[in-house]
Amino acid sequence: MAAVSKQEDRRQVRLQLSEPDAPTWGLVPAWVALAWRAVRERALWLAVGAGLVALALAYQSPRSLFVDVGGALEGVHLQGFYEREQTEAATYRWSEGQSAMQFAGLGKPLMPVRVHLQASGGPRPSPAQVQVAANGHPLPPLVLSQSSQSYALTVDPSWIGPSGDLRLDFQVPTFNAPGDRRDLGFMVDFVRVELPTGATLPSLSVTLWLVVCSALVYLMLRGAWLAPLPSAVVVGLFLVGCAGAIAVYRLLITLYVERLATTLVLAVLVGLLTEMVLRALVRVAGWRGVRALPEWAWAGLRALVMASAALKVGGVLHPLSFIIDAPFHLRYIQYMAEGRHEYFGEALAFAVMPKDEWGSARAFIPYSPFFFVVAAPLTWLPVPLALSVPTVSAIFESLKVALVFVIGLALGRRTNEPRPEDARPALASATLYALIPATFLLQQWGNWPTQTSLWLLTLWVAFTVLSWHWITRVWVWTVCTILLALALLSYTVTAAYTGVFVGMVVLGGWVLARAEGKRWGLVALCLVAATGVALLVYYGQYVGKIIQETLPTFGQALEEQGRLTTLRPSVWAFVSDHLARAMQSYHLALVYALGFAGALWVLLGGRPTGRARPVPAEEQAGRELAMAKGASTGQRTNTGHGRVYGIITRPPRAGASSWPWQHVWLAGWLLVFPLFTLADFWMDQALKEFWYALPAVAVVGGVWLLAVLARSRGSGAFNVLFWLLLATLTWQSLSLWVFRLFFHNR
């Protein structure tokens, strides 16, 4: 049964199961009990009180709110306006006959508010008469001339309610400009809201939502085993940060508070459900009883999943965020939902192959509609696709942190028997993956088909390696085959990568890990069966076309262009410009340096950190009992250096000539990166091979960091460097996420 265990200090409350094998559903009442405890903790309300003072002060800022109509961040404020247009001098929008501007959470001023519009009536025969209302209260009409001029509106403070929202409604006779069939109203260049210098009451709705968000942040931190005082400090900093944003440009926060609260609720639910499922799976795989994973490992994973969900879902849900390919993919999801299949097949394949990038090599390559099929049911929800699709995508990307945890757990064991200390490499792998800056990029690109395929591939690897010793069972092999077939069907490029990856793993296993020969054969059979399913379901219908048209076109292009893309002028330019720029702008250099060091250490040079003496059976039983007690109480147990990080500390057996099967999986996965990076010179793959190998990079990189940390115990300098490294990755991820969402590609 689950319980919120109390330490000697009543303020130290930890979310955990009271027994290692207690039912996982018991986490639900444990969360409820923790929430009830958290809202009664004084530290939370002290932090909230201090934050509210900061919010009240922030609302006194007289800084004007400037909205560049037609600019990068203004669309969310406008209703009834056409798409933005641009001249050499400015950007602008035309209104329809009825239009509106919405400014949320400005605050309740005690003095009049001035609004300045830079507007024009356009090339109409007479000045435009624009009727204006502020929150339903009529204002004197505006008379707009043909030239762009500044017009001022004065809003009575009594018209603005406790929410602090200001809505301006416009009504104007329309006309048709020469050569333009639209019904045009008036033209707006920018709007500036001048806040009064007198006292302004904070928006009541914004304040309440921020209090709710603060309580949710506090609950997440307490659920991750952070004590009340540091949790309260984080909450206080969160509110102070929001206050700072409100003082500078309050619309960044006021437009977002409801979605932020939704994001945090989703993060808690994702963390809870993920933990429940994973606990059940790893118990089936053998980590139960005295071998159960310690509670601190689950607390760490819980924190990683919730943080990933909060950041990634929260980023894509911000009203001002920008997702590059969203319009394209959302349009095709709608086509699939409406049954308009003529837009798929060859039409879709050529839509993603620009002529200027492929040149004479532009030929048919099947583009699987798998993502659009599975995403089409989202059109049934009472939520716009522009919100539901990015949200679901970000949630699945957050779940990938848990999948990497499973992979690190399965590939990090020191022996074939599950042991509690296997949690360390698993958590290290998940931590490094969660901190990789590039994992945020697929969300901002909106490349959801690629992300879906990589997620399915990671799911297949996680299930296969976790159930490695049971793959000889029919149901396990069947599930592996189904998951692999879905990965192959989901995206064509990923299917090619996966075929090579599995082929290398099987061949490498037969050569280097012959003791697992039967299982390698079953993996090979899994690939054959999954490939057959993928051909039968989708790809098979295009085999003839590929042989008769695509391959000859590629051959001719190789003779004419020397490669299948026009984007690679030379090998040197490809390496020094294309690859180097990607490593720099995507912040991949540090990650792959860790992966390279980890690969060398794990695959070629792993040694124990100390000479391991034989352990008598009685002593080993005592250690396992101690570890079981530590797992139930959440305390870490000292099992000794050199026997913690399985895949890098296994002592080599005398005369042993074979690799552990875990090494074969990691080596095959890592080799995908250099092989397809070389192939990228001849055929553009948009560097998808970088993202394909990231889970394996996280496993070897995380374990290498653990090993070096263990060898450097007592070195203060190394500890500083270690935490500096984690801080650097965190900063790179957050800065890249913010820059890409709000500023890049505008």
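Fair warning: this is a prediction, and the values are worked out from it, not measured in the lab.

Caption draft 1: Here's a closer look at the overall build of the protein. Of regular secondary structure, the protein possesses 27 helices and 14 strands. Considering only contacts within the protein whose residues lie at least 6 apart along the sequence, 78% involve residues at least 24 apart. Surface accessibility of the protein: about 31,800 Å² in total, with carbon and sulfur atoms responsible for 65%.

Caption draft 2: Molecular detail of unusual backbone geometry. Non-glycine residue Trp225 carries a positive phi angle of around 75°. Relative to the helices and strands, Trp225 resides in the loop between helix H3 (204–223) and helix H4 (228–249). The class of Trp225 is buried, set by a relative accessible area of 16%. Phi at His587 takes a positive value of approximately 55°, unusual for a residue other than glycine. Judged by its relative accessible area of 22%, His587 falls in the partly exposed class.

Caption draft 3: Structural context of the packing of helix H15 (residues 448–466) against helix H24 (residues 661–682). Closest axis-to-axis distance for the H15/H24 pair is 12 Å, and the angle between their directions is 170°. Classified by the angle their axes make, H15 and H24 are roughly antiparallel. Across from Leu457, Trp460, Val461, Thr464 and Val465 in H15, the residues of H24 making contact are Trp661, Trp665 and Trp669. When the residues that make up the contact of H15 with H24 are grouped by side-chain class, the tally is seven nonpolar, one polar and no charged.

Caption draft 4: How the structure looks around the nonpolar core. Phe372, Phe405, Trp460, Phe501, Trp665, Trp691 and Leu694 are the most contacted members of the largest nonpolar core, which has 150 residues in total. It is helix H12 (residues 385–411) that contributes the most residues to this core, 14 residues altogether. Setting aside chain neighbours within four positions, we find Leu694 in contact with Tyr433, Ile436, Ala438, Thr439, Leu588, Val591 and Tyr592.

Caption draft 5: Representation of the confidence of the model for the protein within the structure. Of the residues in the protein, 90% reach a pLDDT of 70 or more, and the chain-wide mean stands at 85. Across the protein, the secondary-structure element scoring lowest on mean pLDDT is helix H23 (residues 646–649), at 44, and the one scoring highest is H3, at 96. Across residues 5–12 the pLDDT falls below 50, and counting only partners more than four positions away or on other chains, this stretch makes 15 contacts in the model. In the model, residues 606–656 has pLDDT below 50 throughout and makes 94 contacts with residues more than four positions away in sequence or in other chains.

Caption draft 6: How the structure looks around the pattern of salt bridges. Summed over the entire model, instances satisfying the criterion amount to 15 salt bridges. With a shortest N-O distance of 2.9 Å, Arg279 and Glu275 are connected by a salt bridge. Within this pair, Arg279 and its partner Glu275 are both found in helix H6 (residues 257–284), separated by four residues, close to a single helical turn. Exposure remark for Arg279: the relative accessible area of 3% places this residue in the buried category. Overall, Glu275 belongs to the buried group, its relative accessible area being 2%. Through salt bridges that share partners, Glu275, Arg279, Glu295 and Arg302 make up one connected network.

Caption draft 7: Focus on the environment of Gly668. With respect to the secondary-structure elements, Gly668 resides in helix H24. You can call Gly668 buried: its relative accessible area is 5%. Remark: the alpha-carbon pair of Gly668 and Met504, spanning 164 residues in sequence, is separated by 5.5 Å.

Conventions adopted
- Residues numbered from 1 in each chain as written.
- Predicted model: local features only at pLDDT ≥ 70, side-chain atom pairs only at ≥ 80, totals over all residues.
- Heavy atoms only, no water.
- Helix = DSSP H or I, 4+ residues; strand = E, 2+ residues; numbered from the N terminus.
- Contact = heavy atoms within 4.5 Å.
- Areas by Shrake-Rupley, 256 points an atom, 1.4 Å probe, with all protein chains shown as cover.
- Buried < 20%, exposed > 50% of the residue type's maximum accessible area, 1.4 Å probe, protein only.
- Axes fitted to C-alpha atoms, helices over the stretch in contact; angles between N-to-C directions.
- Parallel < 35°, antiparallel > 145°, perpendicular 65-115°, else oblique.
- Nonpolar A, V, L, I, M, F, W, Y, C, P; charged D, E, K, R; others polar.
- Core = buried A, V, L, I, M, F, W, Y, C linked by side-chain atoms within 4.5 Å.
- pLDDT = per-residue confidence, 0-100.
- Salt bridge = Lys/Arg side-chain N within 4 Å of Asp/Glu carboxyl O.

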